[in-house]
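# What the coordinates show
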Amino acid sequence: MPSPITVERQRGRWDMPIVLAVACLLRLYVVWSVLTQQPRGWLFGRGLEMGWLAEALLKGQGLSNPFGPPTGPTAFIAPGYPLLVAAVFKLFGVYTQTSEAVLLLLHTAANVLTVALIMVLAKRLAGRTAALLAGLFWACSIPLLWMPSIFWETSISIALLMLLFVLTLNASQSPSKKAWIGLGAFSAVLALINPALLLTIVAVLAWLAIVTWKPFPSHRSGLALSLLTFAIVFSPWPIRNARVFHAFIPLRTTVGFELWMGNLPSSHGYLNETVFPSYNQQELDDYKRMGEIAYTNNKSRLAKQEILANPAAFASMTARRFVRFWSGNGNSQGSPLYVLHATLTTLLGLAGLSLLLRKRRYALVALFAIPLILFPAPYYITHAEFRYRLEIDPLLTVLSGVALAAIFTSRKEPDASA
């Protein structure tokens, strides 16, 4: 007679294929809907900058013209995703329906990979039930089904961030030099796609160095080796920026502009696209006249002046954006389903983190707390769209699975410590 553990394993082997099939089919239905029921090129109208940057790359102009008209080189947006779009345009045509379909399918594949990684992490933390509940939730949540239609790096960077966490946990037993080098290179690619994740990436690598530290020289050089690899892979971007703009721009030039846009005297705490150069002729004229560096530096100066002149208003707006970020209410015309999804993952995610803390799994608590603390900080002082919160939503979903498994099952699940 098979043992209970054997029976459990036999049942569990179909969990991931079934959940992934559900996730894939639901998202493919959305892709089909976009391609058949929306006007041709509908996807490209939801992220104009990416299309313009890809066009400039194909014309041999480098990363430039982020607002449409010829305006010269830019560092407003990191190069990773525009390069991917340019490659798709090169192979399948610029703004063609085939390119639209390919990008939608690439985003869908990244989404399905994210579901798989959610299940891997949840099972590692709390067993089969946690993995199944977390995977089903992320596979079926209605707001997430439309993620493939976001013409931005969102789907790609989310999947890569989850993969970084899986690789980090796998390496946490005793990382080799190859593992450290691989993590450094992989982290650099992720940062080139979404620089907003840089602090989280460095903190995760530091976490790995701490939990694997041993008092021998061969074990103390891992983090340095990883950071060196990261610097080598990432360095062409700031070097390019230094040559083009004659200024040190390690990430993006958009920081000052985002701060200004989010703290105008008329600001309501939501993204205000009316002042974006793509939609505002006066701002576009100023950008052309001043150049990108002077333009963004001026916006940074104006933002700081406004904040210092009205600190109480800034504090109030920051608190409001904090609540909007965690409640999913960061879009001025967002769906109530955003709020429902975000509120559930926030509350259940914190419950799952507390459960790990009560079990004294302090290393895991620290690892999962890193992105929850570091990543949202810039959006508290600018604007807190639901799309930004999606970057850490899979990690909150993993923790939600831990909490739900504790609620819905009384029997002990297989529990493998990281």
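Residues numbered from 1 in each chain as written. Predicted model: local features only at pLDDT ≥ 70, side-chain atom pairs only at ≥ 80, totals over all residues. Heavy atoms only, no water.

### Comments concerning the overall build of the protein
- Counting its secondary structure elements, the protein contains 22 helices and zero strands.
- The C-alpha atoms of the protein give 22 Å as radius of gyration, which agrees with the globular expectation for 418 residues (22 Å, within 12%).
- Each of the three principal axes of the protein carries a C-alpha extent, and together these read 80 × 60 × 50 Å.
- By the burial criterion, 53% of the 418 residues in the protein qualify as buried. (Helix = DSSP H or I, 4+ residues; strand = E, 2+ residues; numbered from the N terminus. Rg over C-alpha atoms; globule rule 2.2 N^0.38 Å. Buried < 20%, exposed > 50% of the residue type's maximum accessible area, 1.4 Å probe, protein only.)

### Examining the packing of aromatic side chains
- Inspection of every chain in the model, using the stated rule, returns 24 aromatic pairs.
- Here a set of aromatic residues connected by ring pairs shows up, and it is made of Phe67, Phe76, Phe257, Trp260, Phe276, Tyr287 and Tyr295.
- The aromatic ring of Trp260 is capped on one face by Lys299, whose charged end is 3.7 Å from the ring centroid.
- Here the basic side chain of Arg324 rests over the ring of Tyr270, its NZ or CZ set 3.9 Å away from the ring centre. (Phe/Tyr/Trp six-rings, centres within 6.5 Å; stacked < 30°, edge-to-face > 60°. Lys NZ or Arg CZ within 6 Å of the ring centre and 35° of its normal.)

### What to know about the environment of Ser354
- For Ser354, the location among the structural elements is in helix H18 (residues 336–358).
- Ser354 sits 72 residues away from Gln282 along the chain, and the two C-alpha atoms are 50 Å apart.

### Points about unusual backbone geometry
- Of note in this structure, Tyr95 is not a glycine but carries a positive phi near 60 degrees.
- Of note, Tyr95 is situated in the loop between helix H4 (80–92) and helix H5 (97–126).
- Given a relative accessible area of 29%, Tyr95 falls into the partly exposed group.
- Within the chain, Arg360 stands out as a residue other than glycine whose phi angle is a positive 65 degrees.
- On the basis of relative accessibility, which here comes to 65%, the residue Arg360 falls in the exposed class.

### A word on the pattern of salt bridges
- One pass over the full model with this rule turns up four salt bridges.
- A salt bridge links Asp286 to Arg289; the shortest N-O distance between them is 3.1 Å. Taken together, the residues Asp286 and Arg289, both in helix H15 (residues 281–290) and three residues apart, mark about one turn of the helix.
- The class of Asp286 is buried, set by a relative accessible area of 16%.
- For Arg289, a relative accessible area of 61% gives the class exposed. (Salt bridge = Lys/Arg side-chain N within 4 Å of Asp/Glu carboxyl O.)

### Quick notes on the packing of H5 against helix H8 (residues 154–171)
- Viewed as axis vectors pointing N to C, H5 and H8 meet at an angle of 30 degrees, and their least axial separation amounts to 8 Å. In terms of their interaxial angle, H5 and H8 are classed as roughly parallel. Crossing handedness for the pair H5 and H8: left-handed. Across the interface between the two elements, Leu106, His107, Ala110, Asn111, Leu113, Thr114, Leu117, Ile118, Val120, Leu121 and Arg124 of H5 pack against Ser155, Ile156, Ile158, Ala159, Met162, Leu163, Phe165, Val166, Leu169 and Asn170 of H8.
- When its residues are assigned to classes, the contact of H5 with H8 shows 15 nonpolar, five polar and one charged. (Axes fitted to C-alpha atoms, helices over the stretch in contact; angles between N-to-C directions. Parallel < 35°, antiparallel > 145°, perpendicular 65-115°, else oblique. Left-handed = near helix turned anticlockwise from the far one by under 90°. Contact = heavy atoms within 4.5 Å. Nonpolar A, V, L, I, M, F, W, Y, C, P; charged D, E, K, R; others polar.)

### Thoughts on the nonpolar core
- One finds Phe325 and Phe368 to be the most contacted residues of the largest nonpolar core, which totals 117 residues.
- Tallying contributions element by element places H5 first for this core, with 14 residues.
- Once residues within four sequence positions are removed from consideration, Phe325 is found in contact with Phe375, Pro376, Tyr379, Tyr380, Ala384, Tyr388, Arg389 and Ile392. (Core = buried A, V, L, I, M, F, W, Y, C linked by side-chain atoms within 4.5 Å.)

### Quick look at the packing of H8 against helix H10 (residues 198–211)
- It is at 10 Å that the axes of H8 and H10 come closest, and there the two elements cross at 10 degrees. The angle between H8 and H10 places the two elements in the roughly parallel class. Note on element contacts: H10 touches H8 through Thr200, Ile201, Val204, Trp207 and Leu208, opposite Leu161, Leu164, Phe165, Thr168, Leu169 and Ala171.
- Each residue belonging to the contact of H8 with H10 can be placed in one class, and the counts come to nine nonpolar, two polar and no charged.

### With respect to H8
- The end-to-end C-alpha distance of H8, which contains 18 residues, comes to 26 Å, matching closely the 26 Å that a straight helix rising 1.5 Å per residue would cover.
- With 15 of 18 residues buried, H8 lies mostly within the body of the structure. (Expected span 1.5 Å × (residues − 1).)

### Points about helix H14 (residues 255–262)
- Extensive coverage of H14 is indicated by the burial of seven of its eight residues.
- Taken together, the buried positions of H14 are occupied by Gly256, Phe257, Glu258, Leu259, Trp260, Met261 and Gly262.
- Looking at the packing, one finds that the buried side of H14 touches H15, helix H16 (292–309) and helix H17 (311–327).

### Points about the side chain of Ser327
- One can find Ser327 in helix H17.
- We classify Ser327 as buried; its relative accessible area is 18%.
- Within polar-contact distance, the side chain of Ser327 engages the backbone oxygen of Val323 at 2.7 Å.
- Once you skip the residues sitting within four places of it in the chain, Ser327 turns out to touch Tyr338, Val339, Ala342 and Thr343. (Polar contact = N/O pair within 3.5 Å; in protein donor to acceptor, adjacent residues only side chain to side chain.)

### What to know about the side chain of Thr397
- Take Thr397: it is sitting in helix H22 (residues 393–408).
- If sequence neighbours within four positions are ignored, Thr397 has contacts with Ile118, Ala134, Phe137, Trp138 and Thr345.

### Remarks on the state of the cysteines
- Enumeration according to the criterion identifies zero disulfides in this entry.
- Free cysteine: Cys24, not disulfide-bonded; nearest cysteine sulfur from Cys140 at 13 Å.
- Of the residues examined, Cys24 reaches a relative accessible area of 26% and is grouped as partly exposed. (Disulfide = S-S within 2.5 Å.)

### A closer look at a nonpolar patch on the surface
- A grouping of Ile142, Leu337, Leu340 and Leu344 is seen on the molecular surface, where their side chains present a nonpolar patch of about 340 Å² in accessible area.
- Since its relative accessible area comes to 36%, Leu344 is described here as partly exposed. (Patch = residues over 30% accessible without salt bridge, like charges linked within 9 Å, V, L, I, M, F, W, Y side chains within 5 Å. Areas by Shrake-Rupley, 256 points an atom, 1.4 Å probe, with all protein chains shown as cover.)

### Description of the environment of Ser316
- Within the secondary structure, Ser316 is located in helix H17.
- Separated by 47 residues in sequence, Ser316 and Gly269 have C-alpha atoms that sit 10.0 Å apart.

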